[in-house]
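Tertiary structure, described
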Amino acid sequence: MTDSKYFTTTKKGEIFELKAELNSDKKEKKKEAVKKVIASMTVGKDVSALFPDVVNCMQTDNLELKKLVYLYLMNYAKSQPDMAIMAVNTFVKDCEDPNPLIRALAVRTMGCIRVDKITEYLCEPLRKCLKDEDPYVRKTAAVCVAKLHDINAQLVEDQGFLDTLKDLISDSNPMVVANAVAALSEIAESHPSSNLLDLNPQSINKLLTALNECTEWGQIFILDCLANYMPKDDREAQSICERVTPRLSHANSAVVLSAVKVLMKFMEMLSKDLDYYGTLLKKLAPPLVTLLSAEPELQYVALRNINLIVQKRPEILKHEMKVFFVKYNDPIYVKLEKLDIMIRLASQANIAQVLAELKEYATEVDVDFVRKAVRAIGRCAIKVEQSAERCVSTLLDLIQTKVNYVVQEAIVVIKDIFRKYPNKYESVIATLCENLDSLDEPEARAAMIWIVGEYAERIDNADELLESFLEGFHDESTQVQLQLLTAIVKLFLKKPTETQELVQQVLSLATQDSDNPDLRDRGYIYWRLLSTDPVAAKEVVLAEKPLISEETDLIEPTLLDELICYIGTLASVYHKPPSAFVEGGRGVVHKSLPPRTASSESAESPETAPTGAPPGEQPDVIPAQGDLLGDLLNLDLGPPVSGPPLATSSVQMGAVDLLGGGLDSLMGDEPEGIGGTNFVAPPTAAVPANLGAPIGSGLSDLFDLTSGVGTLSGSYVAPKAVWLPAMKAKGLEISGTFTRQVGSISMDLQLTNKALQVMTDFAIQFNRNSFGLAPAAPLQVHAPLSPNQTVEISLPLSTVGSVMKMEPLNNLQVAVKNNIDVFYFSTLYPLHILFVEDGKMDRQMFLATWKDIPNENEAQFQIRDCPLNAEAASSKLQSSNIFTVAKRNVEGQDMLYQSLKLTNGIWVLAELRIQPGNPSCTLSLKCRAPEVSQHVYQAYETILKN
Amino acid sequence: MSASAVFILDVKGKPLISRNYKGDVAMSKIEHFMPLLVQREEEGALAPLLSHGQVHFLWIKHSNLYLVATTSKNANASLVYSFLYKTIETTDSKILQEYITQQSNKLETGKSRVPPTVTNAVSWRSEGIKYKKNEVFIDVIESVNLLVNANGSVLLSEIVGTIKLKVFLSGMPELRLGLNDRVLFELTGLSGSKNKSVELEDVKFHQCVRLSRFDNDRTISFIPPDGDFELMSYRLSTQVKPLIWIESVIEKFSHSRVEIMVKAKGQFKKQSVANGVEISVPVPSDADSPRFKTSVGSAKYVPERNVVIWSIKSFPGGKEYLMRAHFGLPSVEKEEVEGRPPIGVKFEIPYFTVSGIQVRYMKIIEKSGYQALPWVRYITQSGDYQLRTS
């Protein structure tokens, strides 16, 4: 008798019939009816109307029938929450059934019913099951806690289930331990605030013991949990590693990868001189290689992780190049990933073999793969200097194939090779030029144009070549247009006599006929440069460019470290932190590798409280404007070596932004400031945060000045400090401060003319900054500023400008222009100008938020020499929009609970502990964006001490 | 963290069966899977991990079925894929039989108990197994993976060995397997003698093997599952002479013909014989009118795979054979470029291991004290055996 008959009934009025059958007195008939219902449900029919009838069948001693009814419940309880309550009684009863299978079944089903109303009824049965005598029931109940927590976290915490779960870590049954760990990890992941996984050496020991005894899946849970543990010193780290290494011999790749994660993480704490460190390195290679014999999907996960591992510790796999050679039948995603790893492992020792392989791949048929192989050859040339010549000749061979996309890809990488080894391979230019007509991809065209412009003096017909592109100028992509503009200007500067007409033509195309602001602005810069001072123009445009770095495609180190902590997970496959793709980011904690330590304390909390004064914060002056313009002129090809186009544009924007839209007006008539002799374009396009030396003499720390002139009606205002000394700005001295009064922020500036000529035409621009500060009105200096005259201006600011995270957070880069020049400086603004007036949080809200923010986000600071009592402190802080939500006296100490809100909506919660008679007070800050804490602390200190 | 739900879909993407584990991802999200897969495939950017908004799909394909896991968290990807593959494998089929019972009524009546395998420390073996004759069959199987480039130089040569057991033993037997493992010999001081030993590069064990014990003193000790299972696998990358060496000349005369000459040489001991040798040689997809000449065995054109398969039933070591093939080509050449698939070789050499690995002993101890017999069989076969063509 097969069960397929249940799936065949398709009669009309079926529901009605089923209802009758369900209510039949005959057991057999009932069971048959439930089976039919389940069959309908499985094929997607809506049988929810039968809810009460099916639930009525729940009270039965027939396990099969019970299972079916439970299955039905899981499916429909959510849509019929009121009805679902009917099932509660049976659950409670089933949880006490003598049969452990039924107890476990009941508790498992309970966890799957995501109905708020009934969850609280389930607490008692769950509590019993967690302490059940049968391990099968306990292990099922453990998982149920995690499910319940997802539905109602508060309930689970109030009921003390979390503590029970923690106790289960010491259970005698290894599977119960594994499930308890899995449940705790799951809860901890979504609620980082709970100190659930504060494991101690004893519990670690229990986990390591259970590791040897439980199933492969349990082992994975335990290993993943171990990876979150922070050993107290290198000895503990080593002893855990020693007990984890046997897992590398497990047949399940997931067990192996999770073990690799633990080892990679804890290795960080071991000294490299240790013998054990070397042993461990050697032990890691073979299992990683074996992962490549797994199924393709597992291979892919392994390869994505190996990609991270070779970046973090290249020594592990440096002799294993061969295993990454591509096989004909590898899926494309495996091929591409292998290729990437091959380049990372390429070195002088193996380059010959690698190149032979890459050449082979470049003649395959899969276009994506071929392109990547060609690019890889270029990356090898840049990475392994000794191989550059061979790479170039390989690329030339490939160009001879005349396969269109191969040629284009080759030209793009040759351009990068030129940027790494200038003036070395220009003999190949002739060959490249032969292929000019076949280039139809913007990137290849742009690369070719760059080459022609850069080597214009060696190409006889450079003008003709460039002119040929000019005909369809407006049809080209921006990338090509920008490149063409620069290339023709370069050509003109190299061969001015023959190409004047050409340069006129391109400048007018770029400035007059184009709608693209980037293109127009660049056109204007060139135009003015050329028309005012061709010598300076030459120095700027033809300046020696920095060599490109060999490894531009490496993952940024802090991200890499974070990803190492996520080996085996989706994050490691995406190469993105979980916060980038997991919803809500409800307190996403950034994991980091443990610090390397000697056998001592530390490693306890990553953010140790700073002692003493805040670090030096002298405003920095950005000295060479050339840097910024340099970016504009030269780095338009994007990051070298095939970076993703997205990154290119964003980086560029960062650099260009300082000049903002008002570039034309910023550019005075006398461009003498541009292109000093020491002009060097920076290696990357980002604006360095701390360029130049701090100004010593006149500037003392903004926050150390104690002679404050705080106004009563607004926040504390620091005295003005010199931001731009006269010697750096051709006689213009700027000092200033920031104020906040009744909700509006302003920048109070004092401009002094210390030069001998009159200054006019003032304008101001901010670079993008962390909080979107921007001038709300133009800088208005009504009369020309005569020599030795000073003018005070209050510039209103808004917080609706573009946002870019700065380092430090409160760094503000400013460009000020007058008739003489454009000047750049950066300053740090006190964070309390951003504290808004409605920053008082409701008490309940405060409590809930304080609990909800993870403890890792808490930062503690000491404020010394501040002999204020609680009232005085409270009122002082209140005037700067730090509000006291509640006050408490604990053992003679005054505790002030305070809240404040930043202009961008970030809440900061504070606990200020003041001890009468003690001049120091303690400040604890909790915020979902912990990076602001340091600055909030400084604001506190500033306000309290003034 | 693991998957939220697992689905088995048919080839059109219709869910056949599903299991919702966590309930944090709506089951209806699976509808996005197939369109997404199709789209990615068209873009040529298909990967085992797809995402649609906040939902991530981890999938594998098995014949006409898709196994898909969904998650919205940072799940452990390798765990999920291993799980999906385990779902297919159902390796410990004996264990499954405990759950899938033909007579469902059994549970009603009896004092039902939890199958001990779900919580036991020994989850892979049930208690109370009985055999009249207690025997263990040990198969040592070595697969040779080879990658040779068009110039005939060996790029990659490795041996992947597996030891498979067929266990017919009563009770809860304790087994210990002894191999001529070099590390073990060094540990026990056997290495000085004339015992030949083998250096195993990376060893992987079935979950029944006590890993910490192996890590300590290289002892392979375990309580086996009942029936068939893979006890261990190992890898050696020591360069060995390719067992069957192929030299080929494939000459393509555009618009007229292709001429293929393949020479195969058995580079193993004369006493051994390779069985079921199959050499597949790629031919252009538009080739026609095949003609063959072989010194031994037979050649067959398989147009659906675009290969000629040259089969040799038995191929003794040291021998050298030749095949010639001739194909016509159409005068009108087709547009798209074809890849250059490698020559593949399949073979099996019984009673022989390339690595020289040997089972020295298999000790079987059960508290009832029965005598059990271990039987060992060795075989070497081709794994991923590819020779690129020019």
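Residues numbered from 1 in each chain as written. Chains lettered and ligands numbered in written order. Predicted model: local features only at pLDDT ≥ 70, side-chain atom pairs only at ≥ 80, totals over all residues. Heavy atoms only, no water.

Along chain A, the regular secondary structure elements total 39 helices and 13 strands. Sequence separation of at least 24 residues holds for 69% of the intrachain contacts in chain A that already meet a minimum separation of 6. Per element, the accessible surface of chain A, about 38200 Å² overall, is 51% carbon and sulfur. (Helix = DSSP H or I, 4+ residues; strand = E, 2+ residues; numbered from the N terminus. Contact = heavy atoms within 4.5 Å. Areas by Shrake-Rupley, 256 points an atom, 1.4 Å probe, with all protein chains shown as cover.)

Attention shifts here to the overall build of chain B. When helices and strands are counted, chain B shows six helices and 21 strands. Every one of the 390 residues in chain B was classed for burial, and the buried ones make up 49%. The contacts in chain B between residues at least 6 apart in sequence include a share of 69% that link residues at least 24 apart. Of the roughly 19200 Å² of accessible surface on chain B, a fraction of 51% belongs to carbon and sulfur atoms. (Buried < 20%, exposed > 50% of the residue type's maximum accessible area, 1.4 Å probe, protein only.)

Okay, the packing of helix H4 (residues 63–76) of chain A against helix H7 (residues 100–112) of chain A next. All names here are of chain A. Look at H4 against H7: their axes get within 9 Å of each other, and the N-to-C directions meet at 10°. Comparing the axis directions of H4 and H7 gives the class roughly parallel. Residue-level contacts link Leu 63, Lys 66, Lys 67, Tyr 70 and Met 74 of H4 to Ile 102, Leu 105, Ala 106, Thr 109 and Cys 112 of H7. (Axes fitted to C-alpha atoms, helices over the stretch in contact; angles between N-to-C directions. Parallel < 35°, antiparallel > 145°, perpendicular 65-115°, else oblique.)

On to helix H28 (residues 478–494) of chain A. Here H28 of chain A spans 24 Å end to end across 17 residues, near enough to the 24 Å set by a 1.5 Å rise per residue. Of all 17 residues in H28 of chain A, 14 are buried; the element is thus mostly enclosed. (Expected span 1.5 Å × (residues − 1).)

Residue and element names in this part refer to chain B. Residue-level pLDDT values for chain B average 86, and 90% of them are 70 or greater. When the elements of chain B are averaged for pLDDT, helix H4 (residues 105–109) gives the smallest value, 41, and strand S19 (residues 343–350) the largest, 95. With pLDDT under 50 throughout, residues 102–111 is counted as low confidence; its partners more than four residues away or in other chains account for six contacts. Here the prediction assigns the complex a pTM of 0.68, and the interface score ipTM is 0.80. (pLDDT = per-residue confidence, 0-100.)

In this section: the confidence of the model for chain A. Looking at chain A as a whole, its pLDDT mean stands at 80, while 85% of the residues score no less than 70. Across residues 598–712 of chain A, where pLDDT falls below 50, the model places 207 contacts with residues more than four positions away in sequence or in other chains.

So, on to the interface of chain A and chain B. On the chain B side, the residues contacting the 78 residues of chain A number 71 residues. Here chain A and chain B share an interface that buries about 6400 Å² over both sides, 56% of which is from carbon and sulfur atoms. Put simply, Lys 22 of chain B and Glu 186 of chain A hold a salt bridge, and the shortest N to O gap is 2.8 Å. Joining chain A to chain B, the criterion identifies 26 residue pairs in polar contact (both at pLDDT 80 or more). (Buried area = accessible area lost by both parts, 1.4 Å probe. Salt bridge = Lys/Arg side-chain N within 4 Å of Asp/Glu carboxyl O. Polar contact = N/O pair within 3.5 Å; in protein donor to acceptor, adjacent residues only side chain to side chain.)

Moving on to unusual backbone geometry. Residue and element names in this part refer to chain A. With omega at -5°, the peptide bond leading from Glu 807 into Pro 808 counts as cis. Counting through the fold element by element, Pro 808 comes out in the loop between strand S6 (790–798) and strand S7 (811–817). Even without a glycine there, the phi angle at Lys 730 is positive, about 50°. Mapped onto the elements, Lys 730 comes out in the loop between strand S1 (721–724) and strand S2 (732–741).

So, on to the sheet that holds strand S9 (residues 858–863) of chain A. To summarise the sheet geometry, strands pair through backbone hydrogen bonds and adopt either a parallel or an antiparallel arrangement. Residues and elements named next belong to chain A. Strand order in this open sheet of five strands is S9-S13-S12-S11-S10, and the pairing throughout is antiparallel. Each edge of the open sheet carries a strand with a single partner, namely S9 and strand S10 (883–890). Going from strand to strand, the sheet's axes swing by 20° on average, the running direction of each strand aside. Along the sheet, helix H37 (residues 843–852) contacts S9, S10, strand S11 (893–901), strand S12 (907–914) and strand S13 (921–927); its crossing angle with S12, the most-contacted strand, is approximately 95°. Against the sheet, helix H38 (residues 870–878) touches S10, S11 and S12, its axis set at about 5° to S11. (Pairing = 2+ DSSP bridges.)

Quick look at the packing of aromatic side chains now. All names here are of chain A. Scanning all chains against the criterion turns up 26 aromatic pairs over all chains. Both rings, one in Phe 51 and one in Tyr 72, keep their centres 5.9 Å apart while their planes meet at 50°; by these two values the pair is tilted. With a gap of 21 residues between them, Phe 51 in helix H3 (residues 51–56) and Tyr 72 in helix H4 connect regions that are remote in the sequence. We note that Phe 51, like Tyr 72, is buried. Taking the centre distance of 5.9 Å and the plane angle of 65° together, the rings of Phe 738 and Tyr 829 count as edge-to-face. With Phe 738 in strand S2 and Tyr 829 in the loop between strand S8 (822–828) and H37, this residue pair connects regions lying 91 residues apart in the sequence. Of the two residues, Phe 738 and Tyr 829, both sit in the buried class. Directly above the aromatic system of Tyr 574 lies the positively charged group of Lys 576, at a separation of 5.7 Å from the ring centroid. (Phe/Tyr/Trp six-rings, centres within 6.5 Å; stacked < 30°, edge-to-face > 60°. Lys NZ or Arg CZ within 6 Å of the ring centre and 35° of its normal.)

Turning our eyes to something else, we now look at the side chain of Asn 881 of chain A. All names here are of chain A. Following the sequence through the fold, Asn 881 ends up in the loop between H38 and S10. Taking relative accessible area as the criterion, Asn 881 reaches 7% and is therefore assigned buried. Of note is the side chain of Asn 881, whose polar atom sits 2.9 Å from the side chain of Glu 837. The residues touching Asn 881, leaving out its near neighbours within four places in the chain, are Arg 740, Phe 835, Val 836, Glu 837, Ser 899 and Leu 900.

What follows deals with the nonpolar core. Judged by nonpolar contacts, the single largest core of 249 residues is most densely connected at Tyr 72, Phe 91, Leu 126, Leu 317, Phe 324 and Phe 418 of chain A. Those residues within four positions of Phe 91 of chain A in sequence are excluded, and the remaining contacts are Met 58, Tyr 70, Leu 73, Ala 106, Thr 109, Met 110, Ile 113 and Leu 122 of chain A. One finds Ile 138, Ile 163, Tyr 234 and Trp 310 of chain B within the second-largest nonpolar core, a separate group that totals 72 residues. (Core = buried A, V, L, I, M, F, W, Y, C linked by side-chain atoms within 4.5 Å.)

Taken together, the side chains of Phe 137, Leu 373 and Trp 375 of chain B make up a nonpolar region of the molecular surface, amounting to roughly 280 Å² of accessible area. Its location among the elements puts Leu 373 of chain B in strand S21 (residues 373–387). (Patch = residues over 30% accessible without salt bridge, like charges linked within 9 Å, V, L, I, M, F, W, Y side chains within 5 Å.)

Turning to the pairing of strand S12 (residues 244–253) of chain B, a few remarks are in order. Residues and elements named next belong to chain B. Relative to strand S13 (residues 257–266), S12 is paired through 10 bridges, and the arrangement is antiparallel. What sits directly across from Ile 244, in S13, is Gly 266. The antiparallel pairing of S12 with S13 creates a hairpin that spans three residues between the two strands, and His 255 there sits at a positive phi of about 65°.

Okay, the sheet that holds strand S15 (residues 288–294) of chain B next. Residue and element names in this part refer to chain B. Strand order in this open sheet of four strands is S12-S13-S18-S15, and the pairing throughout is antiparallel. If you trace the sheet from one side to the other, it starts and ends with S12 and S15, each paired once. Within the sheet, the average angular offset between the axes of one strand and its neighbour, ignoring direction, is 15°. Two strands pair when backbone bridges link them, and S13 and strand S18 (residues 320–328) are joined in this way by nine bridges, in the antiparallel orientation.

The next point concerns H37 of chain A. All names here are of chain A. Along H37, the residues classified as buried are Phe 846, Thr 849 and Trp 850. Projected onto a plane normal to the axis of H37, the buried residues spread over an arc of 100° and lie on a single side. Of the residues in H37, the exposed ones pointing more than 90 degrees away from the buried face are Gln 844, Leu 847 and Lys 851. Taken together, the buried residues of H37 touch S9, S10, S11, S12 and S13. Two to three positions downstream of the cap, the backbone nitrogen of Met 845 sits 3.2 Å from a side-chain oxygen, assigning the N-cap of H37 to Asp 842. (Arc of directions from axis to C-beta.)

This paragraph deals with the packing of helix H20 (residues 332–345) of chain A against helix H22 (residues 367–383) of chain A. Residues and elements named next belong to chain A. Contact geometry of H20 with H22 gives a least axis separation of 9 Å together with a crossing angle of 5°. Judged by the inter-axis angle, H20 sits roughly parallel to H22. Counting all contacts with H20, which are made through Ile 332, Lys 335, Leu 336, Leu 339, Asp 340, Ile 343, Arg 344 and Leu 345, the residues of H22 involved are Asp 368, Phe 369, Lys 372, Ala 373, Ala 376, Arg 379 and Lys 383. Among the residues forming the contact of H20 with H22, the class breakdown is eight nonpolar, no polar and seven charged. (Nonpolar A, V, L, I, M, F, W, Y, C, P; charged D, E, K, R; others polar.)

So, on to the pattern of salt bridges. Residues and elements named next belong to chain A. Applying the stated criterion to the full structure yields 57 salt bridges over all chains. A salt bridge links Glu 64 to Lys 35; its shortest N-O distance comes to 3.5 Å. In this pair, Glu 64 sits in helix H4 while Lys 35 sits in helix H2 (residues 27–42), placing the two residues 29 residues apart along the sequence. Asp 561 is paired through a salt bridge with Lys 312; the nearest N and O atoms lie 2.8 Å apart. Highlighted residues: Asp 561 in helix H32 (residues 557–564) and Lys 312 in helix H19 (residues 296–312), separated in sequence by 249 residues. Bridged by salt links that share partners, the residues Arg 371, Arg 375, Glu 409, Glu 441 and Glu 443 form one connected network.

Residue and element names in this part refer to chain B. Pairing of strand S8 (residues 174–179) with strand S20 (residues 359–365), which is carried by six bridges, proceeds in the antiparallel orientation. Paired with Leu 175 across the strands is Ile 364, a residue of S20. Where S8 meets strand S10 (residues 220–222), three bridges bridge the pair, whose relative direction is antiparallel. Across the sheet, Leu 175 pairs through a bridge with Phe 222, a residue of S10.

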